Structure formats: structure tokens, C-alpha cells
Amino acid sequence: MIGKPISCKAMVARAAKQPLTLEIITVDPPKAGEVRVKVIANALCHTDVYTLDGHDPEGLFPCILGHEAGCVVESIGHGVQSVQVGDHVIPCYTPQCCEAQCIFCQSSKTNLCPKIRGTQGKGLMPDGTVRFHDKEGQPIYHFMGCSTMSEYSVIAEISCAKISVDAPLDRACLFGCGVSTGLGAVWNTCKVEVNSTVAVFGLGAVGLAVIQGAKMAGASRIIAVDTNAGKFEAATSIGATDTVDSSKLEKPVQQHIAGVLTKWGVDYSFDCTGNTDVMRAALECSHRGWGTSCVIGVAACGQEISTRPFQLVTGRCWKGTAFGGFKSRKDVPVLVQKNLDGELPIDHFVTHEFIGVNSTNDAIEALHGGGCLRAVVKY
Ligand code: NAD
Ligand code: DAO
Ligand code: ZN
């Protein structure tokens, strides 16, 4: 099919708050600097559902959601050199252009390459057009530069992390978002040291990845906080030393952590909920004099964070992370290799599995249930 349009099944988000519709769409061949991929597996992430539920005022419809996937390169556009047909890739919503003149790619301080930011945010490919059309020939928007709820997608070459062909794509897909983000928040954004104390708020896939990363970094104490006690077993099994049901406390959770469980607070804290009150609690339970708190959760549109400035004056530091600070094309293959080498198990994140792109609505329903970490749909 190289150079020709492909007809395939896709789940199209036609409008906010509506189930996805199964449609036969046309996926155009990749243009210069683009790669057409066959999607093998796609994991559901809350950001897809957040957009589908209409909470993202900038969400564009109709679109093809999905951004946590494992894919095989089907064809490449003019000038593409870093991947070939048959390569296994993870699409990454944070690209890495690697250009000498990209001050972001050249900096070791950030992963936020802005090269295709403008068009990606508008649901378009870098040349300002789309590769998806419905059966009437009408355009369908892209999403986060990935759009993996389709049997085939087109992504920018600079968004493709090439991984080992030995990695099962129905597991490696998890490195496309939540798991990498939690690990990277610990290792890159906060650089948690041996013997540090850590508090993690929100024990979904991202929070559990923070716990796993903190344990691997040698943290001596990991306090896991959630309002759903059903999350604690998984948290302790991967390294949490303490669990706190913050809905059952008689005092604010920050006073319980800094005051009861510890004297002065924890060295590092992480918000993995997207709730701005939790972000404040996470900052305020961090250690007087040197505590660092990292915002990972994506808050609802228009929300603001607050604390008393005295919290910062007395030495606490508020940070945030996107994709865990990982430089996508360089770092994702390394994470996948660590997994293959047995150093970074991730199977425990997959709580639900489905077959066929058409079962994506079932996967979304599973994600809405409190017991789901990641639902993987194999196409
Ligand atoms: P999830 O919904 O599976 O997990 C959230 C957890 O928070 C749940 O266990 C829930 O019970 C718990 N929770 C809710 N309210 C709470 C409260 N008040 N106190 C304590 N716990 C509470 O979500 P996830 O997939 O793990 O993602 C977590 C967040 O990270 C989301 O906001 C997501 O959008 C965001 N995220 C950010 C990035 C990034 O690059 N910054 C990447 C991926 C995901
Ligand atoms: O470069 O300004 C930019 C856009 C950065 C996007 C970072 C997104 C981080 C949050 C992702 C949500 C979870 C998928
Ligand atoms: Zn760049």
C-alpha cells in the first residue's frame, strides 16, 4: 500500500459526550517527514476520556483520539531517515526534533520540543492538513500528534520512538504516556536520591509508576495516598511503605504527613490526581527547608493552584513535569530495553485487555471503573 491511501477501521470521536463511532476511514500516505503506522495495541489514558467527555474546551471534533500505542511502520514519507518500514515504534506526543537550532532539544533541562506544537494543538499534521477522511471525504482531526484509535495512523517522524522488535507491543505501548511519566517525574524532574522520603497522591497508573520509580531510586519511605482504599494493595506490592486514605482523616492530609507520619514532611511529593487541592496538600507536606513537590496531574481547564507564599519562603519548591521529562526518541527505547532486560516490569499496569479497535468503547467503560489501571486494546 506504499504511496496509496488505506481504508481501515477507526473509532471516531464525532462529538463531546458521545460514544466513539466505528467507521471505515481513509488514511492518506505519509507526506515528507511523516510516517504511516499500523497500530498493534493501544492503551486507554484518562486524557483521551477527558477530551471525549468535553472537558477540554480546545478539543476538536470529529477527531481520532488515542496516544499510548505500540505500532509497526507501514510506510515512510520523503526524507524520513530515522525509521524504516517494519520498524517498531511508540508514537510520542512530546516530539524530539534533535535539530541543532532547537534550543529545547539541545538543552538537558527540558523535553519540550516545540517544533510541531502549533499544528499538533490544532489537530493537524505539521503542513497544516489532515491525513484522515471519513467515507464522505470529510476531514477528521488528529489528536496529540498520535491518533491511535485507528488501525492505521500518520505521525511526524520526530514523534516516533523506534524500539526493539523484541518488545511485545501490547505492553511496550504503556511507555507512550502514563508509566514513562511517573518514572520520569522521579528520575528526571525531581532526581530522587537514595534514602529519600516520598509521598505519592493518587494511585492510578501514573502514581504507581512514581512508586516504582522511587523504589528503584532507593527511597527509604514511600507514603501512598488515595481516597480509594482499594488502591493500596497494588501500591504496597510495588514498594509503598505507608498507605493513607485521605478521605478518612480528621485533619488535612498535609498535616497528617508533616506532623504525624513524619516530623517535618517528605523530601519529595507528587500529585498524580489533577486535583488542585491535592496539589496544594502535596506541596505543603514537603519538607521544610528543601522539600520538592511535582505536579503531574492535569487539572481541569481554568483551575488554579494556590498556597501561602510562606511555604516557598521556607524552602519548598513547586515543580511540574510533562512526559516525565523524557526526551522521547532518545529515552523511550531505553525504557523499553530495561523492560526487556527484566529491570523494569510493567505487566502489573495492565488490568484489562480487549481485542479489536471496535472494542475501544468497552475499554473506555472499564477505565471509568475505579479498579482499572490501564486497559489495552489489541487491534
Ligand atoms: P487515574 O484516574 O487512574 O488515577 C488517579 C487516582 O487519584 C485514582 O486512584 C483516584 O482514586 C485518586 N484520587 C482522586 N482524587 C483524589 C484525592 N482527592 N486524593 C487522593 N487521591 C485521589 O489517573 P492516571 O492515569 O494515573 O493519571 C493521573 C493524572 O496524571 C491525570 O490527571 C492525568 O491526566 C495525568 N497525566 C499527566 C501526564 C503529564 O505528562 N504530566 C502524563 C500522563 C498523565
Ligand atoms: O509543548 O507546550 C507544549 C505542549 C506540551 C504538552 C505537554 C502535555 C503534558 C500533559 C499530557 C497529558 C497526559 C497525556
Ligand atoms: Zn526540538
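Just so it is clear, the structure is predicted and the values come from calculations on it, not from any experiment.

This part takes up the confidence of the model for the protein chain. Mean pLDDT for the protein chain: 97, with 100% of residues reaching 70 or above. Within the protein chain, helix H1 (residues 46–52) has the poorest average pLDDT of any element, 87, and strand E13 (residues 268–271) the best, 99.

On to the environment of Phe354, then. Along the chain, Phe354 falls in strand E16 (residues 350–355). Taking the C-alpha atoms as reference points, Phe354 and Ala43, separated by 311 residues in sequence, lie 9.8 Å from one another. Not counting chain neighbours up to four residues away, the residues in contact with Phe354 comprise Ser359, Asp362, Ala363, Ala375 and Val377.

This part is about the sheet that holds strand E2 (residues 21–27). Taken in spatial order, the four strands make up an open sheet running E1-E2-E6-E7, and their pairing is antiparallel. Of all strands in the sheet, those bounded by a partner on one side alone are strand E1 (6–12) and strand E7 (139–140).

A few words now on the site of ligand 2. The immediate surroundings of ligand 2 are formed by Cys45, Thr47, Leu112, Pro114, Arg117, Cys177, Val298 and Ala322. Classifying every residue of the shell around ligand 2 gives six nonpolar, one polar and one charged.

For the rest of this paragraph, the subject is helix H9 (residues 276–284). In terms of burial, H9 is a largely internal element, seven of the nine residues being buried. Every buried residue of H9 is listed here: Val278, Met279, Arg280, Ala281, Ala282, Leu283 and Glu284. On its buried side, H9 packs onto strand E10 (197–201), helix H8 (253–257), E13, strand E14 (292–295), helix H10 (309–313) and strand E15 (317–320).

Definitions and limits used
Residues numbered from 1 in each chain as written. Chains lettered and ligands numbered in written order. Predicted model: local features only at pLDDT ≥ 70, side-chain atom pairs only at ≥ 80, totals over all residues. pLDDT = per-residue confidence, 0-100. Helix = DSSP H or I, 4+ residues; strand = E, 2+ residues; numbered from the N terminus. Contact = placed C-beta atoms within 7 Å. Pairing = 2+ DSSP bridges. Near = placed C-beta within 6 Å. Nonpolar A, V, L, I, M, F, W, Y, C, P; charged D, E, K, R; others polar. Buried ≥ 20, exposed ≤ 12 C-beta atoms within 10 Å, placed from the backbone.

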